[in-house]
Amino acid sequence: MSTPEIEILVIEHDDAAAAVVQHALDTLETPPVHARRVEAFAQAPEALASEPIDLVIADLSVPSDEGSADANDVLRSLDVPVIVMVAERDRGIGIEAIRDGAQDYFVKERTDPDGLGRAIRYALDRHRLQRELAQLATTDELTGLRNRRGFTPLAEHHLKLADRAGVPIVLLFLTLDGRQEINEAYGHEAGSQLLVETAEVLRNATRDSDLAARLSGDAFCMLLTGDAAGAEAAVLSRVVEGLAVRNAAARRPYDLSVSIGSARYQPTSGRSLDELIDKAAARMAEQRPGDPDPSPQDQA
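### Describing unusual backbone geometry
Thought 1: Of note, the phi angle at Arg-251 is positive, near 50°, even though the residue is not glycine.
Thought 2: The residue Arg-251 is located in the loop between helix 9 (228–250) and strand 9 (258–265) in this model.
Thought 3: Take Arg-251: its relative accessible area is 77%, and that puts it in the exposed class.

See the structure below:
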C-alpha cells in the first residue's frame with residue numbers, strides 16, 4: 001500500500017531559501033510530500049483554510065514590514081505541527097520556538113533532505129502523541145464525552161461569541177437518577193452502564209453546534225448554541241425519546257432516568273459559566289426526578 005502524501009505549507013519570503021527547501025523536499029524518498037508556499041505569515045490562515053495541511057515549515061526571519069509581529073500569534077494558533085527555519089546565527093531563536101510549541105527547527109544554511117525528512121517524521125509523530133494526550137486529559141474515560149476540563153474552555157468561548165452576536169445560550173444540567181441505589185442493589189457495573197447509556201442519549205440528542213459533557217459523578221451538561229431557544233424543546237424531546245427507547249429495549253427491573261434543569265444565558269449579562277451551571281442545577285432541584293420539562297426558564 002502506498003504511503004499518502006504529506007501536505008506541507010512553507011512560509012518563506014526569500015525565493016532562494018524557498019528553492020533550497022523545495023529541492024530538499026523534492027528529493028525526499030520518505031515520507032512523500034507535496035509542498036506549497038506563501039510569502040508571509042499573514043497569508044497562512046487563508047492557505048490553511050483553503051486546503052488540508054499536515055505540517056508547516058516557517059521561516060522566522062520574515063522582515064517586520066511583512067508581518068513578523070504576527071508570526072508568534074499565527075504559529076500558536078495552528079493546529080498542525082510546525083518546524084521553523086532559522087539562520088545559523090539564530091539557533092537560540094529556534095530553541096525558543098520549540099519552547100513556544102514548535103516541534104523542531106533546522107538551520108537554513110544546512111538544509112539537507114535526510115535531516116529534513118527526519119524532522120518531518122518526528123514532528124508528525126510528536127504532534128500526534130500530544131493530541132492524543134490532550135484528548136485523554138479532556139475526555140471522560142467512561143463515557144467518551146468531554147470532562148469538565150474539556151468542556152469549560154469551549155463553553156466559555158461560546159459565551160463570548162453569544163455576547164458578540166447578541167444571541168442567548170441555553171444550558172441544560174442533568175443528573176442520572178438513583179445510581180447509588182442501583183449500585184447497591186445490582187452492582188457498580190450496572191450503575192456504570194447507565195452512565196454510558198446516558199452519555200449516548202445526550203450525544204444523540206445534540207446538534208453539531210452543541211456541547212455535551214460529563215461534569216462529575218452523575219452530573220452531565222449540555223450547552224445549546226446558535227438558535228438555542230428554538231432548539232431546546234427539540235433537544236429535550238430527543239432526550240426523553242432516547243431514554244424511553246433504552247428502557248424499552250433493556251427490560252431491566254429499573255429505568256434509566258434523569259433529572260433536568262435549564263438556565264438561559266443572556267448576552268452581556270456578565271454571568272460566568274459556573275453561575276450558569278449553578279442556576280440550571282438549582283432549577284433541576286425544583287423539578288421532580290425525571291421531569292423532562294424544566295420550563296419556565298430562569299434568566300442567567
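There's plenty left to go through after this.
### Some points on the pattern of salt bridges
Side chains that carry opposite charge are capable of pairing whenever their charged atoms lie near each other.
Thought 1: Taken as a whole and assessed by the stated rule, the structure comprises 12 salt bridges.
Thought 2: The partner of Asp-218 in a salt bridge is Arg-179, and the shortest N-O contact between them spans 2.3 Å. On the criterion of sequence distance, the pair formed by Asp-218 in the loop between strand 7 (211–216) and strand 8 (219–224) and Arg-179 in helix 7 (residues 179–186) is long-range, its members being 39 residues apart.
Thought 3: Arg-207 is the salt-bridge partner of Asp-210, the closest N and O atoms lying 2.8 Å from each other.

### Structural notes on the side chain of Gln-103
Thought 1: Considering the arrangement of structural elements, one finds Gln-103 in the loop between helix 4 (91–99) and strand 5 (104–107).
Thought 2: Leave out the neighbours within four places in its chain, and Gln-103 touches Pro-81, Val-82, Ile-98, Ala-123, Arg-126, His-127 and Gln-130.

### A short note on the layout of surface pockets
Thought 1: In this structure, the largest pocket occupies an estimated 470 Å³ of space.
Thought 2: The set of elements that each furnish at least two residues to the lining of the largest pocket consists of helix 5 (113–138), helix 6 (148–165) and strand 7.
Thought 3: In terms of residue count, the dominant contributor to the lining of the largest pocket is helix 5 (six residues).
Thought 4: In the lining of the largest pocket, the residues fall into five nonpolar, eight polar and seven charged.
Thought 5: The volume enclosed by the second largest pocket comes to roughly 370 Å³.
Thought 6: In this structure, the second largest pocket is lined by 20 residues; those nearest its centre are Leu-75, Arg-76, Ala-97, Asp-100 and Ala-102.

### Regarding the packing of aromatic side chains
Thought 1: Throughout the structure, instances matching the rule amount to one aromatic pair.
Thought 2: Between Tyr-186 and Tyr-254 the ring centres are 4.8 Å apart and the planes differ by 45°, which places this aromatic pair in the tilted class. One end of the pair, Tyr-186, is in helix 7; the other, Tyr-254, is in the loop between helix 9 and strand 9, and 68 residues separate them in sequence.
Thought 3: Note on Tyr-254: relative accessible area 15%, which makes it buried.

### Focus on the packing of helix 1 (residues 15–26) against helix 5
Thought 1: Between helix 1 and helix 5, whose axes approach to 9 Å, the crossing angle comes to 80°. By the angle between their axes, helix 1 is roughly perpendicular relative to helix 5. Along its contact with helix 1, which presents Val-21, Ala-24 and Leu-25, the element helix 5 presents Pro-113, Leu-116 and Ile-120.
Thought 2: Here the contact of helix 1 with helix 5 is built from residues that sort into six nonpolar, no polar and no charged.

Basis of the calculations
- Residues numbered from 1 in each chain as written.
- Predicted model: local features only at pLDDT ≥ 70, side-chain atom pairs only at ≥ 80, totals over all residues.
- Heavy atoms only, no water.
- Helix = DSSP H or I, 4+ residues; strand = E, 2+ residues; numbered from the N terminus.
- Buried < 20%, exposed > 50% of the residue type's maximum accessible area, 1.4 Å probe, protein only.
- Salt bridge = Lys/Arg side-chain N within 4 Å of Asp/Glu carboxyl O.
- Contact = heavy atoms within 4.5 Å.
- 1 Å grid on protein atoms, 1.4 Å probe; cavity = no way out; pocket = protein on both sides within 12 Å on 5 of 7 lines; lining within 4 Å.
- Points joined across faces, edges and corners; volume = space filled by probe spheres on them.
- Nonpolar A, V, L, I, M, F, W, Y, C, P; charged D, E, K, R; others polar.
- Phe/Tyr/Trp six-rings, centres within 6.5 Å; stacked < 30°, edge-to-face > 60°.
- Axes fitted to C-alpha atoms, helices over the stretch in contact; angles between N-to-C directions.
- Parallel < 35°, antiparallel > 145°, perpendicular 65-115°, else oblique.

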